Amino acid sequence: MVVTTTMSDSEEYLHCTFASRYARTSLPRFKIPEGSIPKEAAYQIVNDELMLDGNPRLNLASFVTTWMEPECDKLIMDSINKNYVDMDEYPVTTELQNRCVNMIAHLFHAPVGDDETAIGVGTVGSSEAIMLAGLAFKRKWQAKRKAQGKPYDNPNIVTGANVQVCWEKFARYFEVELKEVKLKEGYYVMDPAKAVEMVDENTICVAAILGSTLTGEFEDVKLLSELLTEKNKETGWDTPIHVDAASGGFIAPFLFPELEWDFRLPLVKSINVSGHKYGLVYAGVGWVIWRNKDDLPEELVFHINYLGSDQPTFTLNFSKGSCQIIAQYYQFIRLGFEGYKSIMENCMANARLLREEIAKTGQFEIVSKEFGVPLVAFALKDPSRYTVFQISESLRRFGWIVPAYTMPPDAEHIAVLRVVIREDFSHTLAERLVSDIQKVLKELDELPPRVSTKAAHVSVVADETQSGNVDQPHLKKSDVETQKEISNYWRRISDKKTSGVC
Amino acid sequence: MVLSKTFSQSDVSVHSTFASRYVRDSLPRFKVPENSIPKEAAYQIINDELMLDGNPRLNLASFVTTWMEPECDKLIMDAINKNYVDMDEYPVTTELQNRCVNMIGHLFNAPLGDGEAAVGVGTVGSSEAIMLAGLAFKRKWQNKMKSLGKPCDKPNIVTGANVQVCWEKFARYFEVELKEVKLRDGYYVMDPEKAVEMVDENTICVAAILGSTLNGEFEDVKQLNDLLMKKNQETGWDTPIHVDAASGGFIAPFLYPELEWDFRLPLVKSINVSGHKYGLVYAGIGWVIWRNKEDLPEELIFHINYLGADQPTFTLNFSKGSSQVIAQYYQLIRLGYEGYKNIMENCQENAMVLKEGLEKTGRFNIVSKDNGVPLVAFSLKENSRHTEFEVSDMLRRFGWIVPAYTMPPDAQHVTVLRVVIREDFSRTLAERLVTDIQKLLNELDMLPARVTGKMVAIEKHSRNGVAVKKLKSIAL
C-alpha cells in the first residue's frame, strides 16, 4: 500500500467529491472527455447542475404528471431496463398494454363487445398518437379518392387555431394542409359552424379538442358531429371526426359522464388521450383508440407473431421504456373509477378556490371556464401599468413557474396567465399561490411604471393621430420602438409558447 | 377505540396483501374497475404478474442496455417527473441534450469549427431519428426537383434487405418507395455496387448500416461513398448517404477509429445512433446528427425561444421523459473515451470467448464477422434432425433468451441463432452459456427428430412466417 506518493493527487478515491479535483474542472460541453471519472463525481456534478432546473412540482405551466405513489415509483425502477418492444421476451408487459387499451376504449364507449379486443395502441405521447390517427385518416381518404378516380394529392385537416403544436407538426411532416378556424376575443375554441363550413372534399378529418390547452375548455363535439352529419348527407363526402382528448379524455368520463363527446357520436372515428396528463402517469405515455378495425387501414399495421397469437403494431417509435405503461396499468387498478373521480373532483375544487381568490383581488378577469380541464387562466383587467409577463417573472422569484401567453389569431391582443391544477396541487398550495400573487401585485403597484407604460400611452396617441409620424419627436419614437421590441420579444416567446405548451 | 366489531372482517388495512381479498380477485382486463384498491395490493399484484416476463439481463436477443450504475439510476429516478419538452422550465436538462449532441457530432467527425454548435437532436430511439433524417432528405430532394421543374411525387430510398424494420415504417408512413438490394448466401449486407446501380433521379438517399442487426457486420460505407461520388459526377444527381449507425455508432469510434464511415466521407449527410444500445443507456434514447445546417431544411424546424436564445426543435415526439438524456450525459462524462473503449474491448473479448466455445463443439457455423458489433451469430452445421428454433426453445429452459431467425431474401434458407454481447455480459456468463449449449446438444442428440422439422419448413416458406421471424429479429 502506498502511503506517500510523488503525485499530488494521492489516492483519488479517498477524496470526497468536493475535495477532489473534479469540483475544480469545467464539465465538457463539446467533446467527449479523454479519461473516465469516478461515478460518485459524475453523479454529484450532474446532480448539482440539475439543481438549477425548475422544480417540476412547482411548474404550474404543465398538465403533465409530476408525482406518483412510491409503490409505483418502485415498479417503475424495477422495469427501467425493459425494452417495451421486445414483446416476445416481455409478454406480461405487452399484455398490460393491451388491457389498458381495452380499458380506455370502454371508458370512451367504443362499440366493442364485452370480450372483444379494442383497437388502439400505447404511444410515447399524444403527439405520436395524433400522427398515427392522422396517418390512418390520410390513408383511408387516399384509398377512397383513388377508388373514385379523383385526385388525392391535396389532403387537408380542419381544426381550431387553438390547436396544439403537434397538429402543425403532423401537417408539415406528413404533407397535409392545416385549415385553421380563427378564434375571436371571448371565444377561444373552434366554432363548430365555421369548422363545418371549411370542410371540403379534400378534408381527411375535422379535429376537435376536448380540453383546449389555453383555457381548458371542452369544444362542443356533439354540435360539430350534428352539423357535420348534415353536411355529409348533402355532400356525400363522409368526413369523419377525430377528438384530441389529450387533457380532457381522463376528466370528462369521471366528472361529466353525461357529456357526449366520444364514440357515442357516430362520426368520431378515433380519439387520443395523454396518459401522462390526467391519466396520472409521468411523462412518456399516450393512447390512441380507433372506433373499430375499419378505421385503421390494414396496410399501416405491421404484424408480429408472439406466442402464436397475432400482435399488430402501429407506432412510430420502436424501442422505448416499459415503465410508463406499467405505471398506467397500476393507476387504473389502484384507483379505479372511484379513485380517478375523487382526484378530479379535488382538482376542480382547488381550481374553484384559486379562481375565486384570484377574482377577489379585483385585478383580474377570469378567461377559463368552470366546465373543462381544471385550470385557471386569467388576464389583467388593466394591462397598461404592468403586464402579465411581469407578474409571471415576479412569481418565479417565489419559486412558482406560472407562464404568460398571448392568444392565437385573431385574439393576439389578449394575454393571460395560466395555472394548471394537477393531482398534486393541494388546497394549501393554492392558498399560498394566491397570497404570493397578492404580494406581487402590491410590489408592482408600488414600482414606478416602466418605460413600457409611457410607450403604451404614446402608442395609443400615435394610433389616434393617423400617419404623420414625421411630427413625432425622436424620443417618443424610440419609446414606441422599445415597446414594440418588448412586445415582439414576448410575442415571439409566447407565440411559440402557446403552441409549445402541452 | 373500537375493540370489537359486528362485521366478520377486521379492519382491512391490517391485512397483509396476501391475506386480503385482493389476491382472490381476478385483475381487470377490459374495464376500469369501479373501486380503488390499496397501493400495496396494487403494487404486489402487478409486480407478481411481471415476474413472468423474461429477465432483461438474460435477454441475449437485444442490443438495448439492461444495466446502469446505481448512481445513474438515482439520477434517473430524480428526473422521472421532468417533462423534457418544457425547455423553459428545465434549461439545464436542455443544455445537457445540447452538449450530448455536440459530443456525438464531434465523435462522428462532423465538420465543425471550435465552439460551433453541431446540428442534431435527441430522440426516443433510432426509429424517430431515422424518420427525421429521412424527412430531411425527402424535403431537400423535393425542393431540388421543384426548382428543376421536375416531378417530385415518387421519391425512393436505396438500402439493403438487411435493413431494420423502422426503414420500412419510414417508407410506408412517409410515402417513399423502398428499393432493397437483395442479400445472398454468404453475403448478408448491402452490396455497394448493386446499391449504386439502383440509384435513380428519384432517390432521396442511400442508407448504409453500420452494424447490421442480423450479423453485426459493418457495411463498407467508404466504398459506397466512392462509387456514389463517381455516379454523381456522371449524372449530376447529387445523391447523398445516410448512415444508420444505430449499433455501430458507439463502437466504431472506440474500436476502429481508422475506419472511415462517418462525416469524414463527404457524401454522408446525416447519421443516427441509438443511445440505448452501445451508448449504454436504458431504452428510450437515440440521436441524429446532420453534417451541417444546409442538410436540415429550415421549414421542418419549429423554433422555441427560451431564455432569449433560439432553441430549434425537430422531433416527432413532444412530451417525454428527461431521464435518458441525463443518463446519456452521465455516461459520456463518467466514462469518457477511455471508459467506452474499455467496455467495447471487453465486449469484443467476451464475444471471442463465446465464439471459440461454440466452435469447439464442432456443431456450429459462425455466421458473424469478428469485426463489427460484438455479437455471435451461428447456425447448426447439420440442421436436418433438429433446428436452430429448437435450440432456442431449449435454451429458454435454462433461463437464456437466444432468438433464432431466418435471413431476409434472398437468403431465407439460412437460419441463425444470435447472441448479442452487451456491457453486462461477463466472461463468466459467456462460459456458462457455452456449457448450457453443450448440455442442450447432448439432450437433442438423444431426442428423435421432431415433427417440427416439417413445421419449420412451412415457417420458412410462408411469406408471413419469414416476415414474422424477420421482424422479430430486426426488432432487436
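Thresholds, definitions, all that
- Residues numbered from 1 in each chain as written.
- Chains lettered and ligands numbered in written order.
- Predicted model: local features only at pLDDT ≥ 70, side-chain atom pairs only at ≥ 80, totals over all residues.
- Heavy atoms only, no water.
- Helix = DSSP H or I, 4+ residues; strand = E, 2+ residues; numbered from the N terminus.
- Buried < 20%, exposed > 50% of the residue type's maximum accessible area, 1.4 Å probe, protein only.
- Contact = heavy atoms within 4.5 Å.
- Areas by Shrake-Rupley, 256 points an atom, 1.4 Å probe, with all protein chains shown as cover.
- Expected span 1.5 Å × (residues − 1).
- Buried area = accessible area lost by both parts, 1.4 Å probe.
- Salt bridge = Lys/Arg side-chain N within 4 Å of Asp/Glu carboxyl O.
- Polar contact = N/O pair within 3.5 Å; in protein donor to acceptor, adjacent residues only side chain to side chain.
- UniProt positions renumbered as here; feature names shortened; annotations may be inferred.
- Pairing = 2+ DSSP bridges.
- Axes fitted to C-alpha atoms, helices over the stretch in contact; angles between N-to-C directions.
- Core = buried A, V, L, I, M, F, W, Y, C linked by side-chain atoms within 4.5 Å.
- pLDDT = per-residue confidence, 0-100.
- Phe/Tyr/Trp six-rings, centres within 6.5 Å; stacked < 30°, edge-to-face > 60°.

### Quick word on the overall build of chain A
- When helices and strands are tallied, chain A shows 13 helices and 13 strands.
- When each of the 502 residues of chain A is scored for burial, the buried share is 59%.
- Of the contacts formed within chain A by residues at least 6 apart in sequence, a portion of 71% connects residues at least 24 apart.
- Counting only carbon and sulfur atoms, one obtains 53% of the accessible surface of chain A, whose full area is about 20800 Å².

### Points about helix α9 (residues 323-361) of chain B
- With 39 residues, α9 of chain B should reach 57 Å at 1.5 Å per residue; the first-to-last C-alpha distance of 44 Å falls well below that figure.
- One or two residues past the end of α9 of chain B sits G362 of chain B, with phi positive at roughly 75°.

### Focus: the interface of chain A and chain B
- Taken residue by residue, the interface counts 116 residues in chain A and 117 residues in chain B.
- It is I32, Y173 and F302 of chain A that lose the most area in chain A upon contact with chain B, and together they represent 8% of the buried surface on that side.
- As a salt-bridge pair, E95 of chain A and R29 of chain B come within 3.7 Å of each other at their nearest N and O atoms.
- Our count for the chain A to chain B interface comes out at 51 residue pairs in polar contact (both at pLDDT 80 or more).
- Secondary-structure elements contributing two or more residues to the side of chain A that touches chain B are α1 (39-50), α2 (70-78), α3 (91-107), α4 (126-148), α5 (165-173), β8 (302-306), α9 (323-360) and α13 (474-500) of chain A.
- Among the elements that make up the side of chain A that touches chain B, the one with the highest residue count is α9 of chain A (11 residues).

### Considerations on the UniProt feature "modified residue: N6-(pyridoxal phosphate)lysine" (unreviewed entry) in chain B
Residue and element names in this part refer to chain B.
- In this numbering, the UniProt entry assigns the feature "modified residue: N6-(pyridoxal phosphate)lysine" (unreviewed entry) to K277.
- Along the chain, K277 falls in the loop between β6 (268-274) and β7 (286-290).
- On the accessibility criterion, K277 (11% relative accessible area) is buried.
- Once residues within four sequence positions are removed from consideration, K277 is found in contact with F63, V64, T65, A246 and S247.

### Some details on the sheet that holds strand β13 (residues 415-420) of chain A
Residue and element names in this part refer to chain A.
- Ordered in space as β10-β11-β13-β12, the four strands form an open sheet in which the pairing is antiparallel. The open sheet has two edge strands with one neighbour each: β10 (364-366) and β12 (404-406). Taking the axes of each pair of neighbouring strands and ignoring which way they run, one obtains an average angle of 35° across the sheet.
- As paired elements, β12 and β13 share three bridges and run antiparallel to each other. Paired with T406 across the two strands is A415, which belongs to β13.
- α9 contacts β10, β11 (375-380) and β13 of the sheet and is inclined by roughly 15° relative to β11.
- Packing against the sheet, helix α10 (residues 388-398) makes contact with β10, β11, β12 and β13, and its axis sits at approximately 35° to β13.

### Describing the nonpolar core
- Ranked by size, the top nonpolar core spans 237 residues in total, and within it I391 and L433 of chain A carry the most contacts.
- Considering every element that reaches this core, the biggest residue donor is α9 of chain A, with 18 residues.
- If you look at the next biggest cluster of nonpolar residues, it comprises 69 residues, including L135 of chain A together with M145, I157 and C205 of chain B.

### A few points about the confidence of the model for chain B
Residue and element names in this part refer to chain B.
- Of the residues in chain B, 89% reach a pLDDT of 70 or more, and the chain-wide mean stands at 87.
- Contacts of residues 4-8 to residues separated by more than four positions or lying in other chains number one contact, the stretch itself having pLDDT below 50.
- The low-confidence segment residues 452-476 (pLDDT under 50) makes 48 contacts with residues lying over four places distant or belonging to another chain.
- For this predicted complex, the interface confidence comes out at an ipTM of 0.87, alongside a pTM of 0.87.

### Overview of the packing of aromatic side chains
- What the rule picks out here adds up to 29 aromatic pairs over all chains.
- Ring centres 5.1 Å apart and planes at 70° place the aromatic pair F108 of chain A and W261 of chain A in the edge-to-face group. Separated by 153 residues along the polypeptide, F108 of chain A in the loop between α3 and β1 (119-123) and W261 of chain A in the loop between α8 (252-255) and β6 (268-274) bring together distant segments of the chain.
- Residue classification places F108 of chain A among the buried positions, given a relative accessible area of 0%.
- For W261 of chain A, a relative accessible area of 1% translates into the label buried.
- Joined through ring pairs, the aromatic side chains of W167, F170 and F174 of chain A together with W167, F170 and F174 of chain B make up one cluster.

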